[in-house]
Amino acid sequence: MRDRGVPGDPTADGHQYVLGRAKYETIEFATTVLYHLVYCMGAMIPSFNESAENLRGILVRILRRAGVYRSSTTVDQWSADVPSNDDLRHDDSRDLRLAWDRWCKAEMAKRLAWSVFEYDNSLSTLTAKRCMVSLQELPERLPCNESLWEAHSALSWASMIRLTGNSLQGNAFRPTLRDVLNGNLEMDSTALWWKRCCAQTIVRLFWDLKETDNSIVSLFSPTSFNASQTAFRKSLCTALERLQDSATTPSRPKELIYVK
Amino acid sequence: MRRPNQPLDVYGSHEDLNWNGFGTWGIDWLSGDQLLPRPTAEPQFTHVPFGQSMDALTAAAFAEAARLADNSCSGVSQSGNNMRDLLSAPADQTASHVPGVMQSTLQGDMIQQTTETIRSALRGQQLPPDMDSAALRHLERMVSTFFTEFYPGLPVMHPSSWDITACPTYLIAAIACLGSTKLHGKKGSDQDSVMLAEVCSRHLNDLVSDARSRRAW
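Below is a summary of the structure that appears in this document. (Residues numbered from 1 in each chain as written. Chains lettered and ligands numbered in written order. Predicted model: local features only at pLDDT ≥ 70, side-chain atom pairs only at ≥ 80, totals over all residues. Heavy atoms only, no water.)

1. Description of the overall build of chain A
A count of helices and strands for chain A gives eleven helices and zero strands. Ordered by position in the sequence, the α and β elements of chain A form the string α-α-α-α-α-α-α-α-α-α-α. Within chain A, the fraction of its 260 residues that count as buried is 43%. At a minimum sequence separation of 6, the contacts of chain A that also span at least 24 residues come to 73%. (Helix = DSSP H or I, 4+ residues; strand = E, 2+ residues; numbered from the N terminus. Buried < 20%, exposed > 50% of the residue type's maximum accessible area, 1.4 Å probe, protein only. Contact = heavy atoms within 4.5 Å.)

2. Focus: unusual backbone geometry
All names here are of chain A. Phi angles above zero are rare outside glycine, and Ala128 is one such case at about 60 degrees. Looking at where Ala128 falls in the secondary structure, it is placed in the loop between helix 4 (93–127) and helix 5 (146–149). The class of Ala128 is exposed, set by a relative accessible area of 55%.

3. Details of helix 6 (residues 169–184) of chain B
Since the α-helix turns once every 3.6 residues, residues separated by three or four places project in the same direction. Residue and element names in this part refer to chain B. With 16 residues, helix 6 ought to run about 22 Å at 1.5 Å a step, and its terminal C-alpha atoms sit 21 Å apart, in line with that. Among the 16 residues that make up helix 6, 14 are buried, leaving the element largely enclosed by the rest of the structure. Of the residues one or two after helix 6, Gly185 is the one with positive phi, at around 65 degrees. (Expected span 1.5 Å × (residues − 1).)

4. Considerations on the packing of helix 1 (residues 27–43) of chain A against helix 2 (residues 46–65) of chain A
Residues and elements named next belong to chain A. The geometry of helix 1 relative to helix 2 is characterised by a closest axis approach of 9 Å and an angle of 155 degrees between their N-to-C directions. One way to sum up the angle between helix 1 and helix 2 is to call them roughly antiparallel. Crossing of helix 1 over helix 2 shows left-handed handedness. Where helix 1 abuts helix 2, its residues Phe29, Ala30, Val33, Leu34, His36, Leu37, Tyr39, Cys40 and Met41 lie against Phe48, Asn49, Ala52, Leu55, Arg56, Leu59, Ile62 and Leu63. Counted by class, the contact of helix 1 with helix 2 contains 14 nonpolar, two polar and one charged residues. (Axes fitted to C-alpha atoms, helices over the stretch in contact; angles between N-to-C directions. Parallel < 35°, antiparallel > 145°, perpendicular 65-115°, else oblique. Left-handed = near helix turned anticlockwise from the far one by under 90°. Nonpolar A, V, L, I, M, F, W, Y, C, P; charged D, E, K, R; others polar.)

5. Here's the deal with the nonpolar core
The nonpolar side chains of a soluble globular protein tend to be buried, and buried together. Counting 98 residues, the largest nonpolar core has Tyr35, Tyr69, Trp103 and Trp157 of chain A together with Ile118 and Leu139 of chain B as the members making the most contacts within it. In terms of residue count, helix 4 of chain A provides more of this core than any other element does, 15 residues in total. If we skip the residues at most four places from it in the chain, Leu139 of chain B touches Ile118, Leu127, Met131, Ile164, Ile172 and Ala176 of chain B. (Core = buried A, V, L, I, M, F, W, Y, C linked by side-chain atoms within 4.5 Å.)

6. Side note on the packing of aromatic side chains
All names here are of chain A. Going through the model one piece at a time under the given rule, you end up with eleven aromatic pairs over all chains. Relative to Trp157, the ring of Trp103 lies with its centre 5.5 Å away and its plane at 40 degrees, an arrangement referred to as tilted. With Trp103 in helix 4 and Trp157 in helix 6 (residues 154–164), this pair connects stretches of sequence that are 54 residues apart. Just as Trp103 is buried, Trp157 falls in that class too. (Phe/Tyr/Trp six-rings, centres within 6.5 Å; stacked < 30°, edge-to-face > 60°.)

7. Notes on the pattern of salt bridges
Residues and elements named next belong to chain A. Within the structure shown, the criterion is met by 15 salt bridges over all chains. Between Glu118 and Arg196 there is a salt bridge, and its shortest N-O distance comes to 2.5 Å. Remark: Arg196 occurs in helix 8 (residues 192–214) and Glu118 occurs in helix 4; sequence separation between them is 78 residues. Accessibility assignment for this pair places Glu118 and Arg196 in one class, buried. One network of salt bridges, in which partners are shared, links Glu107, Lys110, Arg111 and Glu146. (Salt bridge = Lys/Arg side-chain N within 4 Å of Asp/Glu carboxyl O.)

Structure below.
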């Protein structure tokens, strides 16, 4: 039997904390790590700050092993379980319930992936450390509409799908980002979390450019190398400003936190 | 109202109180409608309401302690006040000369006991079905604060299907810890937040370490 008691803690016998690997690589565990990291970074307690730095790597690794973060060559197992809008049988309550449960699990994993990316990106920007999550690993889809996520039952969830036409898979990320960069996105009808995901990605692109600027490669590169990126950098700045300016009209009270 | 003129260490964990916000706690604490628990030699926490009532009672005890301290200095008699009579009615006659401090210490013990109850409940894999109701209410209040204050920025969990009785304790601890930081307004350095963070950290470390050791075998 392992002894995992904390020195000086008379109540710690360690046994009750042991759960095993089956509980290790789960979405709930990863969610716990994310919430714990948020506390550790905000509490300004040195020992917790160090713990947060260690747990960040573990968190990303869990999501990679769980297939939430994956390379483009592997199959997206999470999305495979999500039914399409047309497959839903609205007259069968049991079938609806099963579909709702499957969708909730997949959606939770996707939301966790985006939340961890935002945390990782924000922390890297604030501390000038390299990010751990690669842009290539991000989910192909953005989080689903909040009206579906906040449905209180399978029946209300199915009704919202039928009446609003919102996709169960969520909007595709890369086309949305491309529309943001090109100025083609209809900002008023776009969910604020989607805008935030796009803004974080743009910030990440800036970070990558800064890395290039500061790297030793820039010492040997010709002047034309940096000059060729000027237009791209301007378009990134313009897109970021456009996203910021659009954060003025929350659709729900919970979105007030996004409004500038 | 001003803070009682006593050293901080007398009040211990009561530093979390909002000294200017008694009005929001929902009782008229000067009217004497809310009966304060009588001090006993061995206080039994389960006999005392917690949550909002607990805060109000604690606040009233501090308020009365401050008033008594003032009166003892100025020599003004306050006989006839119901709340003061309650406070100065000791179960142990030998302790009648320090009723306010006694009340404060009693409430401090209760808060400490609640913290320990929550800590022990979160050590298992799930909340025990026979968990003390006062401690459970306090835990649910921290969880509720999380959903109000933190969830909009981190909407990961599915709120409709989330059930505290079916949730793993490590996730409850992480959620309650964030809620506690906002509830106490001490930037995460309050007793509840640190305790919950420690419990959560132990769960995480044990799970990860256990997985590593199994992989090594």
